[in-house]
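Residue strings, one per chain:
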Amino acid sequence: MKVFLIGMMGSGKSFWKHRLSAKFKIGGYDLDSIIESVEESSISELFEGNGEISFRKTEAKLLRWFGEKKSFVLATGGGTPCFHQNMEWMNQQGITIWLDEPIEVLVKRLLPEMDHRPLLKDLTSENLYTFLENKLKEREPFYCQAKKRLVGSEINLKNLIANIQ
């Protein structure tokens, strides 16, 4: 069982990764945390120091490492599906689930974290909604390729389990 959780930042990928890995008694991983460990830098530092292009290459390389694993739940970064044919690769490897939360929910969750997120750190709270709306439009063609999609109130443990089994 290989499960890839995709969606916008703040959609709950890391939260649900914990619950699903506990339920199925398999490894749960967060791609951004793995990148930070391997690179010994925060995501923000990697974006600032080497730029997004370099970060996305590292991200794709570490994502491919999961091709060797048998069972896991992986919370990807919000932009992971959009680069280096990552979405196609994840679909070939296992089950992809798009956690599609409304922008209003994302804004509420992300407001307290803006300083710690490289794509948000230079925004004002007033610009956050518009930024997320535009970013979703940009990423939606990739997210739509997911094998499964749960929207808003559909995102719960029961529905996630049903979409995996």
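Everything that follows concerns the structure shown earlier in this document.
If you're wondering where the values come from, they're calculated on a predicted model, not measured in any experiment.

Draft legend 1. Representation of the sheet that holds strand β4 (residues 95–100) in the model. The five strands lie next to each other as β2-β3-β1-β4-β5, forming an open sheet whose pairing is parallel. Edge positions in the open sheet fall to β2 (27–30) and β5 (148–151), since each of these has one partner strand only. Each strand axis lies, on average, 20° off the axis of its neighbour in the sheet, ignoring direction. Alignment of strand β1 (residues 2–6) against β4, held across four bridges, turns out to be parallel. Residue Phe4 lies in a different strand from β4, and its bridge partner there is Thr96.

Draft legend 2. How the structure looks around the pairing of β1. Burial within β1 is extensive, with five of its five residues counted as buried. Residues Lys2, Phe4 and Ile6 of β1 are buried on one face, and the alternating residues Val3 and Leu5, pointing to the opposite face, are buried as well. Where β1 lies against strand β3 (residues 72–75), four bridges are found, and the strand directions are parallel. Its bridge partner lying in β3, Phe4 is registered against Leu74.

Draft legend 3. Region of interest: the packing of aromatic side chains. Going through the model one piece at a time under the given rule, you end up with nine aromatic pairs. Ring geometry for Phe4 against Phe72: centres 5.3 Å apart, planes inclined by 80°, an arrangement best described as edge-to-face. A residue pair is termed long-range when its members are at least 10 positions apart, and Phe4 in strand β1 and Phe72 in strand β3 qualify at 68 residues. Judged by centre distance (4.8 Å) and plane angle (90°), the ring pair of Phe15 and Trp16 falls under edge-to-face. With relative accessibility at 40%, the residue Phe15 sits in the partly exposed group.

Draft legend 4. Spatial organisation of the side chain of Lys13. With respect to the helices and strands, Lys13 occurs in helix α1 (residues 13–24). Within the buried set, Lys13 has no salt-bridge partner at all; the shortest N-O distance to an opposite charge, 7.2 Å, is to Asp32. Excluding anything up to four places from it in sequence, Lys13 contacts Leu5, Ile6, Gly7, Met8, Ala75, Thr76, Gly77, Gly78 and Leu99.

Draft legend 5. Region of the structure containing the pattern of salt bridges. Per the counting criterion, the structure on display carries eight salt bridges. Notably, a salt bridge pairs Arg56 with Glu59, separated by 3.0 Å at the nearest N-O pair. With a gap of three residues between them, Arg56 and Glu59 both fall in helix α3 (residues 43–64), about one helical turn apart. Judged by relative accessible area, Glu59 falls into the buried class, the value being 0%.

Draft legend 6. Fine view of unusual backbone geometry. Its identity is not glycine, yet Lys25 carries a phi of approximately 55°, on the positive side. By the secondary structure assignment, Lys25 is in the loop between α1 and β2.

Draft legend 7. Spotlight on the packing of helix α2 (residues 31–39) against α3. Taken N-terminus to C-terminus, the directions of α2 and α3 make an angle of 110°; their axes are 10 Å apart at the nearest point. Our classification of the angle between α2 and α3 gives roughly perpendicular. For the pair α2 and α3, the sense of crossing is right-handed. Together, Leu31, Asp32, Ile34, Ile35, Glu36, Val38 and Glu39 of α2 and Ile43, Leu46, Phe55, Thr58, Glu59, Leu62 and Leu63 of α3 make up the contact between the two elements. For the contact of α2 with α3, a count of residues per class yields nine nonpolar, one polar and four charged.

Definitions and limits used
- Residues numbered from 1 in each chain as written.
- Predicted model: local features only at pLDDT ≥ 70, side-chain atom pairs only at ≥ 80, totals over all residues.
- Heavy atoms only, no water.
- Pairing = 2+ DSSP bridges.
- Helix = DSSP H or I, 4+ residues; strand = E, 2+ residues; numbered from the N terminus.
- Axes fitted to C-alpha atoms, helices over the stretch in contact; angles between N-to-C directions.
- Buried < 20%, exposed > 50% of the residue type's maximum accessible area, 1.4 Å probe, protein only.
- Phe/Tyr/Trp six-rings, centres within 6.5 Å; stacked < 30°, edge-to-face > 60°.
- Lys, Arg positive; Asp, Glu negative; His and termini not counted.
- Salt bridge = Lys/Arg side-chain N within 4 Å of Asp/Glu carboxyl O.
- Contact = heavy atoms within 4.5 Å.
- Parallel < 35°, antiparallel > 145°, perpendicular 65-115°, else oblique.
- Left-handed = near helix turned anticlockwise from the far one by under 90°.
- Nonpolar A, V, L, I, M, F, W, Y, C, P; charged D, E, K, R; others polar.

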